[in-house]
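Tertiary structure, described
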Amino acid sequence: MTPTSPAPLGAPVVPAPPALRAVVTGASSGIGAATVRALRRNGWDVVAAARRVDRLEALAEETGATAVALDVTDQASVDAFTAEVTAAGPVHALVNNAGGAFGVERVADAVTSDWEWMYDVNVLGSMRMTRALLPALRSGGQGSVLFLTSTAALAAYEGGAGYCGVKAAQESMARSLRLEEAENNIRVIEVSPGMVYTEEFSLNRLGGDQAAAEAVYEGVDYPLTADDVASAVAFTLDAPHHMNIDQLVLRPLAQAANHKVLRG
């Protein structure tokens, strides 16, 4: 019998299993938006969360995701988001993608407000969301928490102390959480990309200087794309639940290490 053949007369009708449900933060652009698309293609029910509601709504119309406003730096916003999302159904995965980098100053010239912003969004934002959704992830029976970190967590470089520090803090959070939540059948996954070309990451980091942002990728024919990273995220979440992909590191071939990039 082919997959499209009707069931024999009198055979019991077996309903399709409900779709697993994922929350993706920082979903209004870049890797977050690409992750929403990848998970929707793979059959996930996705809640796309970010501050820029107009972009979220356009993404929701495109993909069929649910758009919900969220500011991970605001506890009241996190609380309201959690109440709305958990009231609508179970949660099986949280993708802590919201984050970013500000500044490339050396420690001697560090800008305090840049470091505070990076810590609040990347580290405290991930903590707030994980803490808020853990009860729902536990009760769902097979939860996953994914942290989108960076190869910056693995090796320091000049001008990167602030960003390397916050990504290393996220990595430590993931490792501790994995030890704490295994007994609750919760996987904790870390996806750590190297050089990824997106429209906003380097532009934001370099204060809106378009020429400087483009120079980051100059001569690199194939940096990673947001879609590349999103496919890796989807791969880890779609793996059988008994398999925990602790850490997945991905770089473009031209980036042998953080400090060694082949440029044509």
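All of these numbers come straight from a predicted model, not from anything done at the bench.

Among the structural elements, Ala65 can be located in the loop between α2 (53–63) and β3 (66–69). Overall, the relative accessible area of 9% leaves Ala65 in the buried class. On a C-alpha basis, the gap between Ala65 and Pro223 in space is 28 Å, while along the polypeptide they are 158 residues apart. Excluding residues within four positions of it along the chain, Ala65 makes contact with Val36, Arg40, Val46, Ala48 and Ala60.

Tallied over the entire structure, the rule returns one cavity of 30 Å³ or more. Estimates place the volume of the largest cavity at around 70 Å³. Broken down by secondary-structure element, the contributors of at least two residues to the lining of the largest cavity are α4 (112–139) and α5 (161–181). In the lining of the largest cavity, the residues fall into six nonpolar, four polar and three charged.

With five of six residues buried, strand β2 (residues 45–50) is to be regarded as a mostly interior element. Bridging between strand β1 (residues 21–24) and β2 involves four bridges; their strand directions are parallel. Bridge assignment links Arg21 to a residue of β2, and that residue is Asp45. You can see the chain leave β1, run along helix α1 (residues 30–41) and come back into β2, and the turn it takes is right-handed. Inspection of the sheet shows β2 paired to β3 by four bridges, in the parallel sense. Each bridged residue has a counterpart across the sheet, and for Ala50 the counterpart in β3 is Ala69. You can see the chain leave β2, run along α2 and come back into β3, and the turn it takes is right-handed.

What counts and what doesn't
- Residues numbered from 1 in each chain as written.
- Predicted model: local features only at pLDDT ≥ 70, side-chain atom pairs only at ≥ 80, totals over all residues.
- Heavy atoms only, no water.
- Helix = DSSP H or I, 4+ residues; strand = E, 2+ residues; numbered from the N terminus.
- Buried < 20%, exposed > 50% of the residue type's maximum accessible area, 1.4 Å probe, protein only.
- Contact = heavy atoms within 4.5 Å.
- 1 Å grid on protein atoms, 1.4 Å probe; cavity = no way out; pocket = protein on both sides within 12 Å on 5 of 7 lines; lining within 4 Å.
- Points joined across faces, edges and corners; volume = space filled by probe spheres on them.
- Nonpolar A, V, L, I, M, F, W, Y, C, P; charged D, E, K, R; others polar.
- Pairing = 2+ DSSP bridges.
- Right-handed = clockwise from strand over helix to strand, strands pointing away.

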